[in-house]
Amino acid sequence: MSNIVDPLVVRIAARVRTERERRRWTLAQLADVSGVSQAMISRVERGESSPTAVVLGKLSAAFQLSIASLLALAEEAPDDARGAAGVRRGTDAAEWRDPGTGFRRRQITGPHFPAEVAEIRLPAGARVPYPAAAFAFVRQVVWVLDGHLTFHDGDTVHELDAGDTLELGEPAERVFANTTGAECRYAVILTRGAQP
């Protein structure tokens, strides 16, 4: 087993702790609001466990942040200039991997750009559910770039192929699922609505 700690896991840990402390919540309070156990939150905050997409969804919902916002803030390097424009090389972008499903996410825009754009790679057979609260205060579009995505929007199921887009409405429990034998690559584009 490797003793190397992924720098992104360390930054996610720090961001989760910062968001919790900013609200002056104890671990117990965050556990109660998010539905994530205190033990898991503690392991995430100490950088001992890379959170799954489901855990991140529950934590971001508790903070009234989108998952993209939570990860973009975590991915921001301390020396990033506020609002800096310019080229972002693909090789420089941090890629987060869900240890539970193999789902991979790369932030395309910086944390200070007015829209958040992320590229997602969903492995064959993977299924990632999110609570409705993870979609509060955001407007979001899902754009399938390659492959096939089965998207559950509450009780409605959408079968999306390359080139298809779906603009999401009111928050609902949602599931991103890849029921095929090949990877699905899609983009998520979101803007914030009313501030929490």
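Residues numbered from 1 in each chain as written. Predicted model: local features only at pLDDT ≥ 70, side-chain atom pairs only at ≥ 80, totals over all residues. Heavy atoms only, no water.

K.L.:
Help me understand the overall build of the chain in this model?
P.N.:
When you go through the chain residue by residue, the secondary structure sums to five helices and ten strands. The buried share of the chain, reckoned over its 196 residues, is 41%. Taking contacts inside the chain between residues at least 6 apart in sequence as the whole, the part at least 24 apart equals 65%. As displayed, the chain has an accessible area near 10,200 Å², and 51% of this comes from carbon and sulfur atoms. (Helix = DSSP H or I, 4+ residues; strand = E, 2+ residues; numbered from the N terminus. Buried < 20%, exposed > 50% of the residue type's maximum accessible area, 1.4 Å probe, protein only. Contact = heavy atoms within 4.5 Å. Areas by Shrake-Rupley, 256 points an atom, 1.4 Å probe, with all protein chains shown as cover.)

K.L.:
Would you take a moment to explain the packing of aromatic side chains for this structure?
P.N.:
The description of an aromatic ring pair rests on the distance of the ring centres and on the angle between the ring planes. As enumerated under the stated definition, the model contains six aromatic pairs in all. Ring centres 6.1 Å apart and planes at 20° place the aromatic pair Trp 25 and Phe 63 in the stacked group. With Trp 25 in the loop between α1 (7-22) and α2 (27-34) and Phe 63 in the loop between α4 (53-62) and α5 (67-75), this pair connects stretches of sequence that are 38 residues apart. According to the relative accessible area criterion, Trp 25 is partly exposed, its value standing at 21%. Each ring, one from Tyr 130 and one from Phe 176, has its centre 5.9 Å from the other, and the planes form 80°; the classification is edge-to-face. Note that Tyr 130 is positioned in strand β4 (residues 127-130) and Phe 176 in strand β9 (residues 174-177), a separation of 46 residues in sequence. A relative accessible area of 8% means that Tyr 130 is categorised as buried. One aromatic cluster is present, formed by Tyr 130, Phe 135, Phe 151, Phe 176 and Tyr 186 through successive ring pairs. Looking at Arg 23, its charged tip hangs above the ring of Trp 25, at a distance of 5.9 Å from the centre. We note Arg 174 situated over the ring of Phe 135; from NZ or CZ to the ring centre the distance is 4.6 Å. (Phe/Tyr/Trp six-rings, centres within 6.5 Å; stacked < 30°, edge-to-face > 60°. Lys NZ or Arg CZ within 6 Å of the ring centre and 35° of its normal.)

K.L.:
I would appreciate a short explanation of the confidence of the model for the chain in the present structure.
P.N.:
Should the pLDDT be low somewhere, the predicted coordinates at that spot are not to be read in detail. Counting all residues, the mean pLDDT for the chain is 85, and 89% of those residues have values of 70 or more. Note on residues 1-5: pLDDT under 50 across the span, and one contact to partners over four residues away in sequence or across chains. (pLDDT = per-residue confidence, 0-100.)

K.L.:
Which parts of the structure should I look at to understand the sheet that holds strand β6 (residues 148-153)?
P.N.:
To summarise the sheet geometry, strands pair through backbone hydrogen bonds and adopt either a parallel or an antiparallel arrangement. Read across the sheet, four strands follow the order β4-β9-β6-β7 without closing on themselves; strand pairing throughout is antiparallel. Whereas interior strands pair on both sides, the edge strands pair on one side only; in this sheet they are β4 and β7 (156-161). Between one strand and the next, the sheet's axes are offset by a mean angle of 15°, whatever the strand orientation. When β6 meets β7, the two strands line up antiparallel, connected through six bridges. Counterpart to Leu 149 in the pairing with β7 is Leu 160. (Pairing = 2+ DSSP bridges. Axes fitted to C-alpha atoms, helices over the stretch in contact; angles between N-to-C directions.)

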